[in-house]
Amino acid sequence: MSMFASCHDVREMKFAREVECPKCHERYGIEIFEKDGLTVGDSECDSCGYVIPEGVNFENYVRQLAE
């Protein structure tokens, strides 16, 4: 028997992924959690301590840092 998530359950899901640190460029140095395209909580680099703040779109945040 299968269980399907309701729309509400899917909307509340948080997704985790490991990304390269924009400061020290450590591959998979930061684990970020995202919900609705925004980071959930602050995420810190394991190598240098750089912090990605809560509530930002990660791709846009990194793009702005590069400018």
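Residues numbered from 1 in each chain as written. Predicted model: local features only at pLDDT ≥ 70, side-chain atom pairs only at ≥ 80, totals over all residues. Heavy atoms only, no water.

Student: Provide a residue-level description of the sheet that holds strand 3 (residues 38-39), including the pertinent values.
Tutor: Backbone-to-backbone hydrogen bonds pair the strands of a sheet. The strands run either parallel or antiparallel. Read from one edge to the other, the open sheet built from three strands follows the order 1-2-3, with strand pairing classed as antiparallel. The open sheet has two edge strands with one neighbour each: strand 1 (15-19) and strand 3. In the sheet, strand 2 (residues 30-35) pairs with strand 3 via two bridges, with the strands oriented antiparallel. Within strand 3, the residue paired with lysine 35 across the bridge is leucine 38. (Pairing = 2+ DSSP bridges. Helix = DSSP H or I, 4+ residues; strand = E, 2+ residues; numbered from the N terminus.)

Student: I'd love a proper account of the environment of phenylalanine 15, names of residues and values included.
Tutor: Relative to the helices and strands, phenylalanine 15 is located in strand 1. Phenylalanine 15 sits 18 residues away from phenylalanine 33 along the chain, and the two C-alpha atoms are 5.4 Å apart. Each residue touching phenylalanine 15, except ones within four places of it in the same chain, is listed here: Ile32, Phe33 and Glu34. (Contact = heavy atoms within 4.5 Å.)

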